[in-house]
Amino acid sequence: MSLKAMYQGIKRRREVLVALSSNSSGPTPAAKQQVSGSTVKIPRGILEVDNGKVLGFGAELSEDHPGFHDDSYKLRRVMLANQAKSHRIGEPIPPVEYSDAEVAVWAAVCRELHTLLPRHACKQYLRALPKFNFTPDRVPQLQELSDVLQSSSGWSIRPVAGLMHPRDFLAGLAFKTFHSTQYMRHPSRPSYTPEPDVVHELIGHVPMLADPDFGAMVQAIGQASLGVDDKQIWHLTKVYWYTVEFGVVREGGEIKAFGAGILSSFGELQHMAAGGAELVEFDPFSPQPKMSYKDGYQRRYYVLDSFESGTAKLRQYATSIRLPEELRGDASVA
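For every chain, the first residue of its written sequence is number 1, and the numbers climb from 1 along that sequence. A pLDDT threshold of at least 70 governs which residues receive local features in this predicted model, and a stricter bar of 80 or more applies before side-chain atom pairs are shown or counted, although totals over entire chains, interfaces and linings include all residues. With hydrogens and water stripped out, all remaining heavy atoms of the structure feed into the side-chain values.

Enquirer: Tell me about the sheet that holds strand β9 (residues 278-281), residues and numbers included.
Expert: Two strands form a pair only when DSSP identifies at least two bridges running between them. Under the scheme used here, helices are H or I runs from DSSP no shorter than 4 residues and strands are E runs no shorter than 2 residues, and both carry numbers assigned from the N terminus. Strand order in this open sheet of 4 strands is β8-β7-β10-β9, and the pairing throughout is mixed. Looking at the sheet topology across the chains shown, the edges are occupied by β8 (254-257) and β9. Averaged over all neighbouring strand pairs, the angle between strand axes comes to 40 degrees, with direction disregarded. Relative to strand β10 (residues 300-304), β9 is paired through 4 bridges, and the arrangement is parallel. Paired with Glu281 across the bridge in β10 is Val303. Only the stretch in contact is used when a helix axis is fitted, and all axes are lines through C-alpha atoms; the angle between N-to-C directions ranges over 0 to 180 degrees.

Enquirer: Let's hear about the pairing of β8: which residues, and what values?
Expert: When strand β7 (residues 247-251) meets β8, the two strands line up antiparallel, connected through 4 bridges. Across the sheet, the residue bridging to Glu251 is Glu254, located in β8. Linkage of β7 to β8, two consecutive antiparallel strands, is achieved through a turn of 2 residues, within which Gly252 is found at a positive phi near 65 degrees.

Enquirer: Mind laying out the side chain of Ser146, listing which residues take part and the relevant values?
Expert: For Ser146, the location among the structural elements is in helix α6 (residues 142-152). Burial classes: relative accessible area under 20% of the type maximum marks a residue as buried, over 50% as exposed, and values in between as partly exposed (1.4 Å probe, protein chains only). Judged by relative accessible area, Ser146 falls into the buried class, the value being 6%. Contacts of Ser146, omitting those with residues within four sequence positions, involve Trp155, Ser156 and Ile157. Residue contacts follow a heavy-atom distance rule, with two residues in contact if any of their heavy atoms lie within 4.5 Å.

Enquirer: Give a detailed account of the confidence of the model for the protein chain, specifying residues and quantitative values.
Expert: With 83% of its residues at a pLDDT of 70 or more, the protein chain has an overall mean of 85. Here residues 1-29 scores under 50 on pLDDT; set against residues more than four positions off or in separate chains, the count is 40 contacts. For every residue, the predictor reports its confidence as pLDDT, a number between 0 and 100. Contacts for the low-pLDDT stretch residues 326-334, under 50 throughout, to residues beyond four places or in other chains number 17 contacts.

Right, dumping it as structure tokens:
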């Protein structure tokens, strides 16, 4: 392929991104992009993002999962997974009637976080949190939270059965749609979950998505993922992990949490506040370390000066990966 042809391809991809910035959900025909000899579909709206490809953490549990030997818990997961799969965009998200045991898990986490969040969460999280009126005696429903997000920042929630394919999950972010599970962690270990559950999604992710500046940064990760090859999808998944899941931000002379994996975890919040991890400047151009939920607390946190600066870096990176390979990683040409 000639340089001229490559730059024409880049121009077409940029035109897609411009269209996305003004259209978050329209069901226009999908575009296609040649990537490494194969054709990658570029969705033009959330209706074209497949939430049915679940890679794990749905009804099937690994042997080291707290609920592996609990048949009733596994049946509950099957029911909620099937309910999520049957949902159609544009329809209300069906409510889940959480059991007393599930509400007790939610309440236990709320109590654990009650004194920690005001001290260690970022100001955007604390400003948004009252909008959702979380109380220990009731697990909120996805539809009511999605309605609050729509009015606050234009984001929506879509139910999902388990861990989505990264390409599909990231694509949803491009259209300001967050895919959320609805199952509860096992009651035997209310302070721990080996996978994203409804506690993690609601307490950790949802309040942050009500902040427009944070939402713009998350959307930039999604937009960067559209049409790129599998290697870039994996890199962007790690970028998401070290920002949206485990990111921290400077506030004056202090470090505050904005990542959902920190905000929804009593132990991780204490670990962060105690200075138990290395602090590294966020750089989407750099190789990202291995991700893991199961290796204990995070050994490093990536730091932003602001969500606006994070968004600018991600958009710069998104432009760079659409350049010919020999020019990628050079921020001066982005």
